[in-house]
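One letter stands for each residue in the lines below.
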Amino acid sequence: MDRGNSLPSMLEQKIYPYEMLMVTNRGRVKLPPGVDRTRLERHLSPEDFLKVFEMPPEEFSKLALWKRNELKKKAFLF
């Protein structure tokens, strides 16, 4: 029985440059198609992620939600 997206397809996130994912104003921002607006950090390359958040994604994911959101706001990814 097909229940929609398979796990592998959900894990395959397209990677975009940080500059394309930044939200710099409170108005509508044109993001690339298929980008999850609530999880912009998942679309960063490992190198960009490390530069932006100064930690690997594994460490970031262990932080409390409020802390991740604060870091995403500072990085203009919220």
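Let me sum up the structure you'll find in this document. Bear in mind that the values here come from a model prediction, so they are computed numbers and not experimental data. (Residues numbered from 1 in each chain as written. Predicted model: local features only at pLDDT ≥ 70, side-chain atom pairs only at ≥ 80, totals over all residues. Heavy atoms only, no water.)

**Focus: the packing of aromatic side chains**
Note the cut-off: Think of it this way: a Phe, Tyr or Trp ring, Trp meaning its six-membered ring, pairs with another when their centres are within 6.5 Å, and the plane angle makes it stacked under 30 degrees, edge-to-face over 60, tilted otherwise. Each residue is assigned to one of three classes by its accessible area relative to the maximum for its type, calculated with a 1.4 Å probe on protein chains only: buried under 20%, partly exposed between the two thresholds, exposed over 50%. By definition here, charges over rings are those cases where NZ of Lys or CZ of Arg is within 6 Å of the ring centre and within 35 degrees of the ring normal.
One pass over the full model with this rule turns up 3 aromatic pairs. On the basis of an interplanar angle of 40° and a centroid distance of 4.6 Å, the ring pair of F53 and F60 is categorised as tilted. You can call F60 buried: its relative accessible area is 4%. A network of ring pairs unites the aromatic residues F49, F53 and F60 as a single cluster. Lying over the aromatic face of F78, K73 brings its terminal NZ or CZ to 4.9 Å of the ring centre.

**Remarks on helix α5 (residues 65-74)**
In plain terms, the rule: Going along the chain from the N terminus, every DSSP run of H or I of four or more residues is numbered as a helix, and every run of E of two or more is numbered as a strand. What the arc describes is the spread of directions from the helix axis to the C-beta atoms. Whether two residues are in contact is decided by their heavy atoms, any of which lying within 4.5 Å being enough.
Three or more residues of α5 are buried, namely R68, N69, L71 and K72. Angular distribution of buried residues about the axis of α5 spans 165°; they occupy a single face of the element. Of the exposed residues in α5, the ones pointing more than 90 degrees away from its buried face are W66 and K74. Elements that come into contact with the buried residues of α5 comprise α3 (46-53) and α4 (57-61). Downstream of α5 by a residue or two, F76 has a phi angle that is positive, lying close to 60°.

**With respect to the side chain of R68**
Going by this rule: We treat Lys and Arg as the positive residues and Asp and Glu as the negative residues; His and chain ends play no part in the count. Counted as salt bridges are all cases of a side-chain nitrogen of Lys or Arg within 4 Å of a carboxyl oxygen of Asp or Glu.
The residue R68 is located in helix α5 in this model. No salt bridge is formed by the buried R68; its nearest oppositely charged neighbour, E41, is found at 5.8 Å. Not counting the four nearest positions on each side in its chain, R68 is found in contact with F60, S61 and L63.

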